[in-house]
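The chain contents come next:
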Amino acid sequence: MDSTPDLSRRRLLRGGAGTGLPVQALPWTVSWAQFTDRCSRCGDCVNACPEHIIVNADGGFPAIDFTRGACTFCGDCAMACAEPLFHPETTPPWHQHVVFEHACLAYQGVHCRSCEDGCEPAAIRFSPRLGGLAVPELNKDACNGCGGCVAVCPVSAIGMVKEEQA
Ligand code: SF4
Ligand code: SF4
Ligand code: SF4
């Protein structure tokens, strides 16, 4: 189970102005350092995304905002980019999964299963708890990091964690 973790020990992808945290990179992209080195900030990927989840983040570099919706992995951003920044031939598109934070309504005794409904790969399950409401549990292997659950959570209780690569 991957719920209510000590987030101070995790590397969250909730970056942006003033947060001091890394931003959510686009799928299949090179490292953020390489990306900011080579990206021309032309905005072609921003305009290409049919889900409208790519925004101009710090410094005008494109990043994903999962509060706007999920990535469908359509590949349009990669196709639109003229620079060698995307490697869509690599799988998976990114190494990340979600975590449920203490603000989750189910942990507060309020019925909610929005994230389960919003998860297309069915990576979220609710298991009964002794003396409490069922709370969300993640099947990390099934989570593709699409962000569909992040967008639908009514209290912004879902964070995205980057998996460190060996
Ligand atoms: S893969 Fe498609 S949905 Fe995902 S960020 Fe790129 S253009 Fe948007
Ligand atoms: S949608 Fe948010 S508040 Fe509702 S159960 Fe899932 S994590 Fe908790
Ligand atoms: S990030 Fe996507 S696959 Fe993972 S739990 Fe959320 S909706 Fe499901």
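Owing to the predicted nature of the structure, the values given are computational and were not obtained by experimental measurement.

Trainee: Could you clarify how one ought to interpret the site of ligand 1 in this entry?
Mentor: Lining the immediate environment of ligand 1, one finds 14 residues, of which Cys49, Cys71, Cys74, Gly75 and Cys77 sit closest. Class assignment of the residues belonging to the shell around ligand 1 gives a composition of 10 nonpolar, two polar and two charged.

Trainee: What exactly am I supposed to notice about the site of ligand 3 here?
Mentor: Taken together, 13 residues form the shell around ligand 3, and within it Cys119, Cys143, Cys146, Gly147 and Cys149 come nearest. Of the residues that constitute the shell around ligand 3, the class distribution is eight nonpolar, five polar and no charged.

Trainee: Explain the UniProt feature "binding site: [4Fe-4S] cluster 2" (unreviewed entry) in the chain here, please?
Mentor: Per the UniProt annotation, the sites labelled "binding site: [4Fe-4S] cluster 2" (unreviewed entry) are Cys71, Cys74, Cys77 and Cys81. Considering the arrangement of structural elements, one finds Cys74 in the loop between strand 2 (62-64) and helix 3 (76-80). Turning to its location among the elements, Cys77 is positioned in helix 3. With residues up to four places along the chain from it excluded, the contact list for Cys77 reads Leu26, Pro27, Cys45, Ile54 and Phe86.

Trainee: I keep staring at the pattern of salt bridges and nothing clicks. Help me out?
Mentor: Between side chains of opposite charge, pairing is possible as soon as their charged atoms come close. Evaluation of the coordinates by the stated rule reveals three salt bridges. Salt-bridge contacts for Arg125 lead to Glu116; the nearest nitrogen and oxygen are separated by 4.0 Å. For Glu116, a relative accessible area of 21% puts it in the partly exposed group. It is possible to trace a salt-bridge network through shared partners that takes in Arg113, Glu116 and Arg125.

Trainee: Any chance you could explain the pairing of strand 5 (residues 132-138) here in plain terms?
Mentor: Along a regular strand, successive side chains alternate from one face of the sheet to the other. Pairing analysis gives five bridges linking strand 4 (residues 124-129) to strand 5, with the strands arranged antiparallel. Bridge pairing in strand 5 places Arg125 opposite Glu137.

Trainee: It is not clear to me how the side chain of His97 should be interpreted in this structure. Could you clarify?
Mentor: Secondary-structure assignment places His97 in strand 3 (residues 96-100). In terms of polar contacts, His97 uses its side chain to reach the side chain of Glu163, at 2.6 Å.

Trainee: Whenever I open this one, the environment of Ala82 confuses me. Can you help?
Mentor: With respect to the element layout, Ala82 can be found in the loop between helix 3 and strand 3. Overall, Ala82 belongs to the exposed group, its relative accessible area being 73%. Measuring from C-alpha to C-alpha, the distance between Ala82 and Cys45 comes to 9.6 Å, with 37 residues separating the pair along the chain.

Trainee: Hey, could you run me through the confidence of the model for the chain in this one?
Mentor: Note that predicted coordinates carrying low pLDDT should not be read in detail. Per-residue confidence for the chain gives a mean pLDDT of 87, with 86% of residues at or over 70. Low pLDDT (under 50) marks residues 1-21, which in the prediction has 56 contacts with non-local residues, meaning those over four places away or in another chain.

Trainee: Explanation requested: the environment of Cys112 in the structure shown.
Mentor: Mapping Cys112 onto the fold places it in the loop between strand 3 and helix 4 (114-118). Once the C-alpha coordinates of Cys112 and Pro136 are considered, the two residues, 24 residues apart in sequence, prove to be 9.3 Å apart. Among residues more than four places away in sequence, those in contact with Cys112 are Leu105, Phe126 and Pro154.

Trainee: Just to check I follow, could you spell out the nonpolar core for this structure?
Mentor: Within soluble globular proteins, side chains that are nonpolar generally end up buried alongside one another. Ile54, Val98, Ile124 and Ile158 are the most contacted members of the largest nonpolar core, which has 38 residues in total. For this core, the secondary-structure elements that each account for two or more residues are helix 2 (44-48), helix 3, strand 3, strand 4, strand 5, helix 5 (148-152) and strand 6 (158-162). Contact partners of Ile124, with chain neighbours within four places excluded, come to Phe100, Cys115, Glu116, Cys119, Pro136, Glu137, Leu138 and Cys149.

Trainee: Any chance you could explain the UniProt feature "binding site: [4Fe-4S] cluster 1" (unreviewed entry) in the chain here in plain terms?
Mentor: Feature annotation in UniProt assigns "binding site: [4Fe-4S] cluster 1" (unreviewed entry) to the following positions: Cys39, Cys42, Cys45 and Cys49. With respect to the helices, strands and loops of the structure, Cys42 is situated in the loop between helix 1 (32-38) and helix 2. By the secondary structure assignment, Cys49 is in the loop between helix 2 and strand 1 (54-56).

Thresholds, definitions, all that
Residues numbered from 1 in each chain as written. Chains lettered and ligands numbered in written order. Predicted model: local features only at pLDDT ≥ 70, side-chain atom pairs only at ≥ 80, totals over all residues. Heavy atoms only, no water. Near = heavy atom within 4 Å. Nonpolar A, V, L, I, M, F, W, Y, C, P; charged D, E, K, R; others polar. UniProt positions renumbered as here; feature names shortened; annotations may be inferred. Helix = DSSP H or I, 4+ residues; strand = E, 2+ residues; numbered from the N terminus. Contact = heavy atoms within 4.5 Å. Salt bridge = Lys/Arg side-chain N within 4 Å of Asp/Glu carboxyl O. Buried < 20%, exposed > 50% of the residue type's maximum accessible area, 1.4 Å probe, protein only. Pairing = 2+ DSSP bridges. Polar contact = N/O pair within 3.5 Å; in protein donor to acceptor, adjacent residues only side chain to side chain. pLDDT = per-residue confidence, 0-100. Core = buried A, V, L, I, M, F, W, Y, C linked by side-chain atoms within 4.5 Å.

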